[in-house]
Amino acid sequence: MNCYKCGCRLSEKDFCTSCGADVGMYKKIMYSANRFYNDGLEKAKVRDLSGSATSLRQCLKLNKNHIEARNLLGLVYFERGDVVPALSEWVISKNIRHDKNIANDYIDMIQHNPSRLETYTQTIKKYNLAVGYCHQDSLDLAVIQLRKVLSLSPNFVQARQLLALVYINNQEWEKAKKELDKAIRIDANNTTTLKYLKEVENMMPADEEKAHKKKDAITYQSGNDTVIQPVIKKNTSSPHTIMNIVIGIVIGIGITWFLISPARIQKAQKDINEKYKSVSEQLDAKTAQIDELTAQISSLTTEKNELSVSLDEAKDDSKIIEANGNLIEATLMYINDTDDEIAIADKLELIGDDYLDNYASDDFVTLYNTLKDEISRAVSRTSYNLGYEAYRSKDYETAIKNLSRAVEYDATNGEALYNLGNSYYKSEKLDEALEIYEQVVELFPNTEKARKSQSYIKEIRGE
Amino acid sequence: MINFEEELKKFHPSPEIQDVEENIYNQDVTDLADVLVKMVKDAKEE
């Protein structure tokens, strides 16, 4: 403790040993301040924040330079959610003693954490808004704002008291009690909280609660001890129990039937409808695709038929052109006296019987037959000569070819027919040989060829 | 029975963070020691 006049450290004397000032009263004031500080500290330790704040304020009224009291007062304010008064105390404390002061840490804790500072700012603004709503009789809005305030700053005792007051006004006793219980856990001896709590407890249906408690326990004296025994309820009525179980099962089934089943059925129907819709869409798409492909097939079939007809026509045209070309060449060869009747016959044979029967015009057939008649004898003769030479040289295939042509162009050429039979016979085509020999016998009877043919016939038949 | 209107009058808007400086200036920081020193000083002057 220092002298208020010269600042020197004071001794146990009631005067300053340095300047001689009377410090008896001053010392008493300082001691009183210290007692208030100690009282405030003790109350703070048992969370009597209101009592602590009162004592600490008393201390500071006696000694404004009591740093510990001021810092503790700030801490008490802060614990109750009063941030601004807390900051004020700490700032003053810091101004009184700048170094080695825990208030520096408290101030830094708030000022150097922007999010925390913003939270405190919002808390205060919302609280002030709630106070305004209360004064405007907008209690519902006030409750909403106060709940927000308490979610941001759960230790804000004043906000809890205001919320409890609103609940009390609304006769919501349970809610009010809940808030007041929380407030009392923060500030154990707050007179406002205690007053509201008493009011709430008086208004709550205490009798019912007590009666309920009495039913739950039996209290009796056993010697010097008070025994509290819980009441055990025995349900000895087993039919009643079974009945209750049955009723419970029925209710359960009912709930399942009336609540769960419809929902599940509805969900299942919804799923089925969605699947049906999906399948229908797919089916429609496939049907459309099939129709399109069918139309394409029909179109392609029609096109193919048209092309086939065109191809047939083209083939016919080609046949006509080829046949006319062969006939013209054969005619030119005949007109030019080439004397090569075999070549003319080759050209005529290229025309073929099919063309003559199905495609050739009458003029074409007439010209063809005329030309063939004109060269028939010469062709037959030449072919016979060639065939016979081949027969002599045992080239029976060539012989058969030429002798057949000789017979075709001149049916009266008996030698050609007979040698054709011989050629078949020599080449061991006995059926053909037999047929030719029979023709010789039939067409040229009473001739040497007929007799020889007859003997060959007998030989072939094995007679 | 609590009178809501009367109780409500006890709740005032809380000072905001930016009002800390004003809050400090408004505090009466004169303590009993100051009063005593002044009294002694006045007594000597007389």
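Just so we're clear, the structure is a prediction, and the values are computed from it rather than from any experiment.

Some details on the packing of helix α16 (residues 396–409) of chain A against helix α17 (residues 414–426) of chain A
All names here are of chain A.
Thought 1: Contact geometry of α16 with α17 gives a least axis separation of 9 Å together with a crossing angle of 155°. What the angle tells us is that α16 and α17 run roughly antiparallel. Crossing geometry of α16 relative to α17 is assigned as left-handed. From α16, Y396, A399, I400, L403, S404, A406 and V407 reach across to α17, where they touch A416, L417, N419, L420, S423, Y424 and K426.
Thought 2: In terms of residue class, the contact of α16 with α17 is made up of 10 nonpolar, three polar and one charged.

Let's talk about the environment of A:L10
Residues and elements named next belong to chain A.
Thought 1: Relative to the helices and strands, L10 is located in the segment before α1 (24–45).
Thought 2: For the pair L10 and V23, spaced 13 residues apart in the sequence, the C-alpha separation amounts to 8.5 Å.
Thought 3: Once residues lying within four places of it in the same chain are set aside, the contact partners of L10 are M1, N2, C3, C16, V23, Y26 and K27.

Quick notes on the confidence of the model for chain B
Residue and element names in this part refer to chain B.
Thought 1: Per-residue pLDDT for chain B has a mean of 84; in total, 100% of the residues score no lower than 70.
Thought 2: Averaged pLDDT values over the elements of chain B bottom out at 82 in helix α2 (residues 20–26) and peak at 88 in helix α1 (residues 4–8).
Thought 3: The ipTM value of the predicted complex is 0.84, and its pTM value is 0.50.

So, the packing of aromatic side chains
Residue and element names in this part refer to chain A.
Thought 1: If you walk through the whole model with that rule in mind, you get 13 aromatic pairs over all chains.
Thought 2: Measuring from centroid to centroid gives 5.8 Å for F78 and Y120, while their planes differ by 80°, and the two rings are edge-to-face. Placement of F78 in helix α3 (residues 67–79) and of Y120 in helix α6 (residues 114–135) is noted, with a sequence separation of 42 residues between them. Summarising the burial analysis for this pair, F78 and Y120 share the class buried.
Thought 3: Note on Y425 and Y456: the rings are 5.1 Å apart at their centroids and 45° apart in plane angle, and the pair reads as tilted.

A short note on the packing of α17(A) against helix α18 (residues 430–443) of chain A
Residue and element names in this part refer to chain A.
Thought 1: Where α17 contacts α18, the two axes come as close as 8 Å, and the packing angle between them is 160°. When the axes of α17 and α18 are compared, the pair comes out roughly antiparallel. Every pair of crossing elements has a handedness; the one defined by α17 and α18 is left-handed. Facing L417, Y418, L420, G421, N422, Y424 and Y425 of α17, the residues of α18 in contact are L430, E432, A433, I436, Y437, Q439, V440 and L443.
Thought 2: Classifying every residue of the contact of α17 with α18 by side-chain character gives 11 nonpolar, three polar and one charged.

Quick notes on the interface of chain B and chain A
Thought 1: Taken together, the contact pairs 27 residues of chain B with 42 residues of chain A.
Thought 2: Summed over both sides, the interface of chain B with chain A buries roughly 3,000 Å², with 69% coming from carbon and sulfur.
Thought 3: The three residues of chain B that bury the most area against chain A are B:F4, B:F11 and B:I17, which together make up 23% of that side's buried surface.
Thought 4: Along the contact surface separating chain B from chain A lie two salt bridges.
Thought 5: On inspection of chain B and its partner chain A, the count reaches seven residue pairs in polar contact (both at pLDDT 80 or more).
Thought 6: Of all elements in the fold, only α1, α2 and α3 (32–45) of chain B reach the threshold of two or more residues within the side of chain B that touches chain A.
Thought 7: Broken down by element, the side of chain B that touches chain A gets its largest block of residues, seven residues, from α3(B).
Thought 8: For the side of chain B that touches chain A, the residue count by class is 16 nonpolar, five polar and six charged.

The rules we used
- Residues numbered from 1 in each chain as written.
- Chains lettered and ligands numbered in written order.
- Predicted model: local features only at pLDDT ≥ 70, side-chain atom pairs only at ≥ 80, totals over all residues.
- Heavy atoms only, no water.
- Axes fitted to C-alpha atoms, helices over the stretch in contact; angles between N-to-C directions.
- Helix = DSSP H or I, 4+ residues; strand = E, 2+ residues; numbered from the N terminus.
- Parallel < 35°, antiparallel > 145°, perpendicular 65-115°, else oblique.
- Left-handed = near helix turned anticlockwise from the far one by under 90°.
- Contact = heavy atoms within 4.5 Å.
- Nonpolar A, V, L, I, M, F, W, Y, C, P; charged D, E, K, R; others polar.
- pLDDT = per-residue confidence, 0-100.
- Phe/Tyr/Trp six-rings, centres within 6.5 Å; stacked < 30°, edge-to-face > 60°.
- Buried < 20%, exposed > 50% of the residue type's maximum accessible area, 1.4 Å probe, protein only.
- Buried area = accessible area lost by both parts, 1.4 Å probe.
- Salt bridge = Lys/Arg side-chain N within 4 Å of Asp/Glu carboxyl O.
- Polar contact = N/O pair within 3.5 Å; in protein donor to acceptor, adjacent residues only side chain to side chain.

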